[in-house]
Amino acid sequence: MKTVAVATQKGGVGKTFVSCQLGFRLAGLAAPTLLLDLDQQLNASDSMARGGLVACAPFTMLEVFEGRAGELPPGQLVMVPGHPDLAAMERQPQRHNAFVNALQRFLAEVSGRFRVCVMDTNPSPDVRYAAALATADFLLAPVQLNQEAIDGIATLLHHGRYGYHKIRQVLNPRLELIGILPNLVEGTPFQRANLQQLVLQHPGLLIPVPRGDVMGYAYIPTRTAVAEAQAAGVPLWQLRQRPAGPQPAGGALPLRSAARDAWREIKPSFDAIAAILLRED
Ligand SMILES: Nc1ncnc2c1ncn2[C@@H]1O[C@H](COP(=O)(O)OP(=O)(O)OP(=O)(O)O)[C@@H](O)[C@H]1O
Ligand SMILES: [Mg+2]
């Protein structure tokens, strides 16, 4: 099993969207996938529960961190949901090592059943963030193309305690940065200039995507269908039209063409990431 932490220290950049849709995509590629929600906001948990396409564990990440995890249900896509009290872990420094060890033990125990584990993280540098990065094989960092977020990449890499390089040095030399994944990308000149700046300042951090696209990097455009799929807890490519009036008897609603178009744009990026996660050593 390969484990990827979808993490940045910035909020609202699409970590949860990327985690959930990557989970759907990997499961769709026949890779048994485990999704862990480390965030006390429960955004991934609530979304996935709404869609009903995931097998949900009868315990939460709180029990995992406390070493009290139970049996996972069968399924191609299985989720361990978050818990509001996850935020309290930070205030128990005497238990921090035990939390990290418990996560590592849990993943070691289930690693025979899954091909990939995707961890959706909370947006603050804390013990959960450290536990995720200490345990993961890969780090994937969604970013927004604004100046503040670009400046934040230096923190992601070089933060004195939680930066990628420090984590590799102190906690997890195995950790590999898949790259940064620009999200909420608009085709404006301002964003194009920011992307250019990103390429110049952080060469090699973008994820190459083999396609004829001018960017040649993984990125996710801003699309209403993305937010709608996330709200519905379904794969973007399976988003159906909202029923107008009473639901038609028998027969599924038609697929949303805007969602299909959005998925066509986004799929090469997700598949480039999936290929790295599914790579044989
Ligand atoms: N490419 C996109 N196009 C349109 N909406 C998007 C896109 N990416 C994310 N969103 C929406 O933006 C909001 C924030 O995204 P998301 O919850 O995935 O971010 P996050 O990084 O997990 O946030 P947090 O740090 O609070 O956990 C959500 O409502 C999501 O549906
Ligand atoms: Mg989130």
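Bear in mind that the values here come from a model prediction, so they are computed numbers and not experimental data. (Residues numbered from 1 in each chain as written. Chains lettered and ligands numbered in written order. Predicted model: local features only at pLDDT ≥ 70, side-chain atom pairs only at ≥ 80, totals over all residues. Heavy atoms only, no water.)

(A) Expanded view of the overall build of the protein chain. In terms of regular secondary structure, the protein chain is built from 10 helices and 7 strands. In terms of overall size, the protein chain behaves like a compact globule, its C-alpha atoms giving a radius of gyration of 18 Å where 281 residues would be expected to give roughly 19 Å. Its C-alpha atoms give the protein chain principal-axis dimensions of roughly 55 × 50 × 35 Å. Scored against the burial criterion, the 281 residues of the protein chain give a buried share of 52%. Within the protein chain, contacts between residues at least 6 apart in sequence are counted, and of these 76% link residues at least 24 apart. Each charge class in the protein chain was averaged separately, 26 positive and 23 negative side chains, and the resulting centres sit 3 Å apart. (Helix = DSSP H or I, 4+ residues; strand = E, 2+ residues; numbered from the N terminus. Rg over C-alpha atoms; globule rule 2.2 N^0.38 Å. Buried < 20%, exposed > 50% of the residue type's maximum accessible area, 1.4 Å probe, protein only. Contact = heavy atoms within 4.5 Å. Lys, Arg positive; Asp, Glu negative; His and termini not counted. Charge placed at Lys NZ, Arg CZ, Asp CG, Glu CD.)

(B) Quick look at the packing of aromatic side chains. Taken as a whole and judged by the stated rule, the model has 6 aromatic pairs. Aromatic pair Phe 17 and Phe 270: ring centres 6.2 Å apart, planes at 80 degrees, arrangement edge-to-face. In this pair, Phe 17 is assigned in helix H1 (residues 15-28) and Phe 270 in helix H10 (residues 257-278), connecting sequence segments 253 residues apart. Just as Phe 17 is buried, Phe 270 falls in that class too. Ring geometry for Tyr 129 against Tyr 162: centres 6.2 Å apart, planes inclined by 90 degrees, an arrangement best described as edge-to-face. Highlighted residues: Tyr 129 in helix H5 (residues 127-135) and Tyr 162 in the loop between helix H6 (147-158) and helix H7 (164-170), separated in sequence by 33 residues. Comparing Tyr 129 with Tyr 162 shows no difference in burial state: the two are buried. Aromatic rings pair up to connect Phe 17, Trp 237, Trp 263 and Phe 270 into one cluster. (Phe/Tyr/Trp six-rings, centres within 6.5 Å; stacked < 30°, edge-to-face > 60°.)

(C) Representation of the sheet that holds strand S7 (residues 176-183) in the model. Across the sheet, which stays open at both edges, the 7 strands sit in the order S3-S4-S2-S5-S1-S6-S7 with parallel pairing between neighbours. Of all strands in the sheet, those with a lone pairing partner are strand S3 (55-56) and S7, marking the two edges. In this sheet, S7 lies alongside strand S6 (residues 138-144) in parallel orientation, the contact comprising 7 bridges. Considered in S7, the bridge of Ala 141 is made with Ile 180. (Pairing = 2+ DSSP bridges.)

(D) Geometry of the UniProt feature "domain: AAA" (unreviewed entry) in the protein chain. When the UniProt feature table is mapped to this numbering, "domain: AAA" (unreviewed entry) covers residues 1-161. Annotation note: span residues 1-161, helix share 40%, strand share 17%, distance between end C-alpha atoms 27 Å. (UniProt positions renumbered as here; feature names shortened; annotations may be inferred.)

(E) How the structure looks around the environment of Gly 52. Here Gly 52 shows up in the loop between helix H2 (43-51) and S3. For Gly 52, a relative accessible area of 55% puts it in the exposed group. With 131 residues separating them along the chain, Gly 52 and Asn 183 place their C-alpha atoms 26 Å apart.

(F) View of the environment of Gly 70. Residue position: Gly 70 is located in the loop between helix H3 (61-65) and strand S4 (77-80). Residue classification places Gly 70 among the partly exposed positions, given a relative accessible area of 41%. Remark: the alpha-carbon pair of Gly 70 and Ala 57, spanning 13 residues in sequence, is separated by 8.2 Å.

(G) Region of the structure containing the pattern of salt bridges. Across all of its chains, the model carries 13 salt bridges by this definition. Here Arg 68 and Glu 63 are joined by a salt bridge, their closest N and O atoms 3.8 Å apart. Accessibility expressed as a relative area gives 48% for Arg 68, which makes it partly exposed. For Glu 63, a relative accessible area of 16% puts it in the buried group. Between Glu 280 and Arg 115 there is a salt bridge; the shortest N-O distance is 3.3 Å. One end of the pair, Glu 280, is in the segment after H10; the other, Arg 115, is in the loop between helix H4 (96-110) and strand S5 (116-120), with 165 residues separating them in the sequence. Because the salt bridges share partners, they merge into one network encompassing Glu 63, Glu 66, Arg 68 and Arg 95. (Salt bridge = Lys/Arg side-chain N within 4 Å of Asp/Glu carboxyl O.)

(H) Region of interest: the site of ligand 1. Neighbouring ligand 1 are 19 residues; Lys 15, Thr 16, Phe 17, Asn 183 and Pro 221 lie closest to it. The contact in question runs from an oxygen atom of ligand 1 to an N or O atom on the backbone of Val 13, over 2.9 Å. In this structure, an oxygen atom belonging to ligand 1 sits 2.8 Å away from a side-chain N or O atom of Thr 16. Expressed as a share of its isolated accessible area of 630 Å², the protein-covered part of ligand 1 is 80%. Considered class by class, the residues forming the shell around ligand 1 number 8 nonpolar, 8 polar and 3 charged. (Near = heavy atom within 4 Å. Polar contact = N/O pair within 3.5 Å; in protein donor to acceptor, adjacent residues only side chain to side chain. Areas by Shrake-Rupley, 256 points an atom, 1.4 Å probe, with all protein chains shown as cover. Nonpolar A, V, L, I, M, F, W, Y, C, P; charged D, E, K, R; others polar.)

(I) Focus on the packing of H1 against H2. Across the interface, H1 lies against H2 with an axial gap of 9 Å and an inter-helix angle of 40 degrees. In terms of their interaxial angle, H1 and H2 are classed as oblique. Relative to H2, H1 is oriented so that their crossing is right-handed. In contact with Thr 16, Cys 20 and Phe 24 of H1, H2 contributes Asn 43, Ala 44 and Met 48. Taken together, the residues of the contact of H1 with H2 sort by class into 4 nonpolar, 2 polar and no charged. (Axes fitted to C-alpha atoms, helices over the stretch in contact; angles between N-to-C directions. Parallel < 35°, antiparallel > 145°, perpendicular 65-115°, else oblique. Left-handed = near helix turned anticlockwise from the far one by under 90°.)

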